[in-house]
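Here are the chains, one letter per residue:
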Amino acid sequence: MTISLKQIKLHRLKMMLNDPFTTSFGTFQEKEFFIIEMIDEDGIRGYGESVAFSSPWYSEETVETNFHMMKDFLIPLLKKKVIAHPNEVEQIFSPIKRNNMAKSALEGAVWDVYAKQKQIPLAEALGGTKRQIEVGISLGIEPTVKDLLKKVETYVQEGYKRIKIKIKPGYDVDMLREVRRHFPDTPIMADANSAYSLADLEHLRKLDELNLMMIEQPLAHDDIVDHATLQAALRTPVCLDESIHSLEDARKAIELGSCKIINIKIGRVGGLTESKKIHDLAKEKGIDVWCGGMLEAGIGRAHNIALTTLSQFVLPGDTAGSSRYWKKDIIKPEVEVENGIIHVPNKPGIGYEMDEEALKEFTVATETIHV
Ligand code: OSB
Ligand code: MG
């Protein structure tokens, strides 16, 4: 069996988050992104989602650069290609430097087509074995600690397996101490999105009293050297997010001792194939991994669920239920979280149907390309 693509549709969507989400970089409530629909010669449809944001605060990619890369460089590379296995897509895209989120959006759709052709769940195609996954939730910066405590209470009650809290200078140790006082036994972690430098080392050391699962990306988005210095000085495990774009980055970070944990985001590392490679290396080296989130709609969420079924995803990830983000998601059924658990769908491919009505409602433009 091989994959021969006939058509690729780039659907540009605009959706409103239920609640504004604030990080150390700013607040957003509206999300614009691409859903990729690939149709093969037998009419099988595979879906991918680009996780790039409208502005380049998290990484250099944006919705607009993704469109440019997909349309003008990446899709032309797929033209007239017969693909035997989705693992080959990474190689096909290798003439193009970086732009991992654009590559990943397309690669994810190829994986979905592949699994649907074989009539197996995407999780199985990836080599995942878990039938259910444990998930946590990521909470943005709140106006007051009281607001935050209320949110933590809500999601602890709902059964989420860990609570991640965004931090920034001035909203960190004291706030977390307060959260810890109210929730002495809850698995809690903090995500700084690069808001600190080594000059804050003494301050960050205070986190060691709070029994946090980890601190995520405390230092620069492109650093693995200072993180090694920090990790050597902290008992709290350091987890890298923004700094890891590839298997090679992961290898170097592990060798340097820059982290004890890696957050794998499919888009950030260029796709499911690279995600699997990082997972396998982490497993070999005894590094724990978990699946990070990018405020995805249902298609991206489905890919995250499938990836998380791999065995070294031993820590709960960011993949909360659809309703935490959206009044209405674009898949049927929506992603449901019950007591912190998602049951992995066993239908072929991503295991969720596109909700065509919702897709139409949220689409602002579609580009159809024949391949
Ligand atoms: O750093 O993990 C991050 C959201 C947008 C961009 C970056 C991050 C996040 C989150 C939320 O933490 C994850 C989610 O709920 O999807
Ligand atoms: Mg992060």
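Quantities reported herein were computed from a predicted structural model and do not represent experimental measurements.

Asker: Even after reading the chapter, I still don't get the site of ligand 1, so can you show me in this structure?
Answerer: Residues in contact with ligand 1 amount to 18 residues; listed here are only the nearest, Ser-138, Lys-166, Asn-193, Leu-295 and Tyr-325. Take Ser-138: an N or O atom from its side chain is 2.9 Å from an oxygen atom of ligand 1. For ligand 1, an oxygen atom lies 3.3 Å from a polar atom in the backbone of Met-294. When ligand 1 is considered free in solution it has 390 Å² of accessible area, and contact with the protein chains removes 100% of it. Here the shell around ligand 1 is composed, by residue class, of seven nonpolar, three polar and eight charged.

Asker: It is not clear to me how the coordination of the magnesium ion (ligand 2) should be interpreted in this structure. Could you clarify?
Answerer: Six octahedral donors at a metal ideally form angles of 90 or 180 degrees, and four tetrahedral donors ideally form angles of 109.5 degrees. Around the magnesium ion (ligand 2), the protein contributes the donor atoms Asp-191 (OD), Glu-216 (OE) and Asp-241 (OD), which lie 2.2 to 2.3 Å from the metal centre. Going along the chain, you hit the donors of the magnesium ion (ligand 2) in the pattern D-x24-E-x24-D. Taken as a pair, Asp-191 in strand 8 (residues 188-191) and Glu-216 in strand 9 (residues 215-216) lie far apart in primary sequence, 25 residues in all.

Asker: Is there a simple way to think about the packing of helix 5 (residues 145-158) against helix 6 (residues 173-182) in this case?
Answerer: Each pair of packed helices gets described by two things: the angle between the helix axes and the distance between those axes. It is at 10 Å that the axes of helix 5 and helix 6 come closest, and there the two elements cross at 40°. It follows from the interaxial angle that helix 5 and helix 6 lie oblique. Judged by the twist between their axes, the crossing of helix 5 over helix 6 is right-handed. Contacts between helix 5 and helix 6 involve Val-145, Leu-148, Leu-149 and Val-152 on the former and, on the latter, Met-175, Glu-178, Val-179 and His-182. A class-by-class count of the residues in the contact of helix 5 with helix 6 yields six nonpolar, one polar and one charged.

Asker: What am I meant to see in the environment of Glu-158 here?
Answerer: On the secondary structure map, Glu-158 appears in helix 5. Assessed through its relative accessible area of 42%, Glu-158 is described here as partly exposed. Placed 181 residues apart in sequence, Glu-158 and Asn-339 show a C-alpha to C-alpha distance of 5.9 Å. Those residues in contact with Glu-158 that sit more than four places away from it in its chain are Asn-339 and Gly-340.

Conventions and cut-offs
Residues numbered from 1 in each chain as written. Chains lettered and ligands numbered in written order. Predicted model: local features only at pLDDT ≥ 70, side-chain atom pairs only at ≥ 80, totals over all residues. Heavy atoms only, no water. Near = heavy atom within 4 Å. Polar contact = N/O pair within 3.5 Å; in protein donor to acceptor, adjacent residues only side chain to side chain. Areas by Shrake-Rupley, 256 points an atom, 1.4 Å probe, with all protein chains shown as cover. Nonpolar A, V, L, I, M, F, W, Y, C, P; charged D, E, K, R; others polar. Donors = N, O, S within 2.8 Å, 3.2 Å for Na, K, Ca; no water. Helix = DSSP H or I, 4+ residues; strand = E, 2+ residues; numbered from the N terminus. Axes fitted to C-alpha atoms, helices over the stretch in contact; angles between N-to-C directions. Parallel < 35°, antiparallel > 145°, perpendicular 65-115°, else oblique. Left-handed = near helix turned anticlockwise from the far one by under 90°. Contact = heavy atoms within 4.5 Å. Buried < 20%, exposed > 50% of the residue type's maximum accessible area, 1.4 Å probe, protein only.

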